[in-house]
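One letter stands for each residue in the lines below.
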Amino acid sequence: MFNLVGKRYLFLTISLIVIIPGVISLIFRGLNVGIDFAGGANIQFRPESQVTIAQMNKLVSPFNLADLQVVTGDNPQVPGKQTVWIRLNTQVDKNVQNTITHDLQAKYGSQLAVNFDDLSLIPSTGGNARTVTVATATKFQQGVTPQISEIKSVLNNLPKTSNPAKGASTSSSPTPTTTGTATATSTPSSSSNPANIPVKVDNVIQGTTTQTISLLTRSVIDNQMLGKLQSHFVNSGIYMSVLQNATVSGSVASETTRNAVLAVIAASVLILLYIWFAFRKVDRPWRYGACAVIALLHDVLVVLGIFSILGWLIGFQVDALFITALLTVVGFSVHDTIVVFDRIRENMTRRTSETFDQVVNASLVQTMARSLNTSLTVIFTLSALTLFGGATIRPFTLALLVGIVSGTYSSIFNASMLLVMWDRHEFVFGLFGRARTPDRREARELVRTR
């Protein structure tokens, strides 16, 4: 039989070698936190055609967005050809916007959504940039593919617009005036902002891709900045519609950080209490709970340390999904540790002539194959997802992969070893009581632990 317990200091030394570099990185560099913890913006676009991450980085480089991360994705639920951009020749008022929405919904259904953006664009004929309105039509009926010629025909006869820069237009209406003879006459009042600017469709652009592009940055992107981004995209030759625009403030980010820490602490306390209760018939059951919590904190430190190092090496960011992975790792680690501890409890009633060290060693050998088989099936799946699952979920799957590998190791080679060291009052556990030399008296103690 393998003497695993006899090599307990070797196993703990390996754990320290893995943990210490990460702890040093956490102390001096911290984690490369995303906007969930630091605040910032997360904007998701639908481009008119496929765009690479390198192209997107080049497009937004003039804006100097802090800690920018570009993530590409795919949303096949919205067909590419069901996003249409309609560029008008001028900036239009609410009356023209309502007319465009009404005419398009009359053609394609009331579910159609039309959004209007006033962008500073350079005319196709050249010259200085001027503000024009771009309408984005989405949410066409399922199976309906709009045609550019149809949209141009529907919007062929748009009303004239007033100048939105001068405020709301005022229509001419009779104004009653009173004379000294008590007779009322009406005189029209002239409009200060007449609707006399012709409106026509300059261009209609139809999407060709289901790709999505997300910009994650710590910079605050308000409506004005978003308008500048969209103007820059169009002037660079590509139209983009905004699918999602989320901003996380600093106060929300700090609350998320606090809640994440509290979640890990609460999970550890509850696990300690549960194991203490589950092993209440064993002598000193709280030791089992404490060793399980130490093992899961080992796994948490391993994941945090590795991600701290990856943060400043290759820019891996920690977001809210990372906390989900961390709590999953905590649960998996404890689950594997419980299996080993439960076998120890069973063997203590069967192997009454053996020392505690021998019982623990036998229990580890008996459960190792089961633990490795369970973990390897999960590790293979997570490895495939990490390598081929795409950039969006890679931090999440990598955190799970690292945590489950660490959890498997700590359940076999750490948690049970700590129990033995505590029973023998070795290392720091000597502070909790007087050291003793194991002998046959342990067999009598094992008999009582039922």
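Each value, and the rule that gives it
- Residues numbered from 1 in each chain as written.
- Predicted model: local features only at pLDDT ≥ 70, side-chain atom pairs only at ≥ 80, totals over all residues.
- Heavy atoms only, no water.
- Axes fitted to C-alpha atoms, helices over the stretch in contact; angles between N-to-C directions.
- Helix = DSSP H or I, 4+ residues; strand = E, 2+ residues; numbered from the N terminus.
- Left-handed = near helix turned anticlockwise from the far one by under 90°.
- Nonpolar A, V, L, I, M, F, W, Y, C, P; charged D, E, K, R; others polar.
- Expected span 1.5 Å × (residues − 1).
- Bend = angle between axes of the 7 residues up to and from the residue.
- Buried < 20%, exposed > 50% of the residue type's maximum accessible area, 1.4 Å probe, protein only.
- Contact = heavy atoms within 4.5 Å.
- 1 Å grid on protein atoms, 1.4 Å probe; cavity = no way out; pocket = protein on both sides within 12 Å on 5 of 7 lines; lining within 4 Å.
- Points joined across faces, edges and corners; volume = space filled by probe spheres on them.
- Parallel < 35°, antiparallel > 145°, perpendicular 65-115°, else oblique.
- Polar contact = N/O pair within 3.5 Å; in protein donor to acceptor, adjacent residues only side chain to side chain.
- Phe/Tyr/Trp six-rings, centres within 6.5 Å; stacked < 30°, edge-to-face > 60°.
- Lys NZ or Arg CZ within 6 Å of the ring centre and 35° of its normal.

### Let's talk about the packing of helix α8 (residues 286-314) against helix α11 (residues 394-423)
Stage number 1. One way to put it is that α8 packs onto α11 with a least axis distance of 7 Å and a crossing angle of 145°. When you trace α8 past α11, the crossing you get is right-handed.
Stage number 2. Its residues placed into classes, the contact of α8 with α11 shows 19 nonpolar, six polar and three charged.

### Re helix α1 (residues 8-28)
Stage number 1. For α1, spanning 21 residues, the distance from its first C-alpha to its last is 30 Å, which sits close to the expected 30 Å at 1.5 Å a residue.
Stage number 2. Where α1 bends most, the angle comes to about 25°, and this point is I19, followed within four residues by the proline P21.
Stage number 3. Along α1, the residues classified as buried are R8, F11, L12, S15, I19, G22 and S25.
Stage number 4. Packing partners of the buried residues in α1 comprise α8 and α11.

### Some points on the layout of surface pockets
Stage number 1. Computed from the structure, the largest pocket encloses a volume of approximately 690 Å³.
Stage number 2. Lining of the largest pocket is provided by 33 residues; of these, Q69, V71, L216, D319 and T392 occupy positions nearest its centre.
Stage number 3. It is strand β2 (residues 69-74) that contributes the most residues to the lining of the largest pocket, six residues altogether.

### Quick word on the packing of helix α10 (residues 356-388) against α11
Stage number 1. Relative orientation of the contacting elements α10 and α11 amounts to 175°, with a least axis distance of 9 Å. As the angle between them shows, α10 and α11 are arranged roughly antiparallel.
Stage number 2. Residue composition of the contact of α10 with α11, by class: 20 nonpolar, seven polar and three charged.

### A word on the side chain of S25
Stage number 1. By the secondary structure assignment, S25 is in helix α1.
Stage number 2. Polar contacts involving the side chain of S25 include one to the side chain of W312, which spans 3.0 Å.
Stage number 3. Those residues in contact with S25 that sit more than four places away from it in its chain are G30, S308, I309 and W312.

### A few points about the packing of aromatic side chains
Stage number 1. With the rule as written, the count across this model stands at 10 aromatic pairs.
Stage number 2. The interplanar angle of 40° and the centroid separation of 4.5 Å between the aromatic rings of F11 and F413 together place this pair among those described as tilted. Taken together, the residues span a long stretch of sequence, with F11 in helix α1 and F413 in helix α11 at a distance of 402 residues.
Stage number 3. Note on W85 and Y239: the rings are 6.2 Å apart at their centroids and 45° apart in plane angle, and the pair reads as tilted. Residue W85 is located in strand β3 (residues 84-88), and its partner Y239 is located in the loop between α6 (223-235) and β10 (240-248); the two are separated by 154 residues in the primary sequence.
Stage number 4. We classify W85 as buried; its relative accessible area is 1%.
Stage number 5. Ring-pair connections join several aromatic residues into one group, and the members of that group are F11, Y409 and F413.
Stage number 6. Directly above the aromatic system of F277 lies the positively charged group of R280, at a separation of 4.2 Å from the ring centroid.

### Quick notes on empty space enclosed by the protein
Stage number 1. Counting across every chain of the model gives three cavities of 30 Å³ or more.
Stage number 2. The space that makes up the second largest cavity amounts to roughly 70 Å³.
Stage number 3. What lines the second largest cavity is simply W85, D117, L119, V134, T136, Q230, F233, V234, Y239, M240 and S241.
Stage number 4. Listing elements by their share of the lining of the second largest cavity, those giving two or more residues are β4 (113-121), β5 (130-138), α6 and β10.
Stage number 5. Sort the elements by how many residues they give to the lining of the second largest cavity and α6 lands first, with three residues.
Stage number 6. A per-class count over the lining of the second largest cavity returns seven nonpolar, three polar and one charged.

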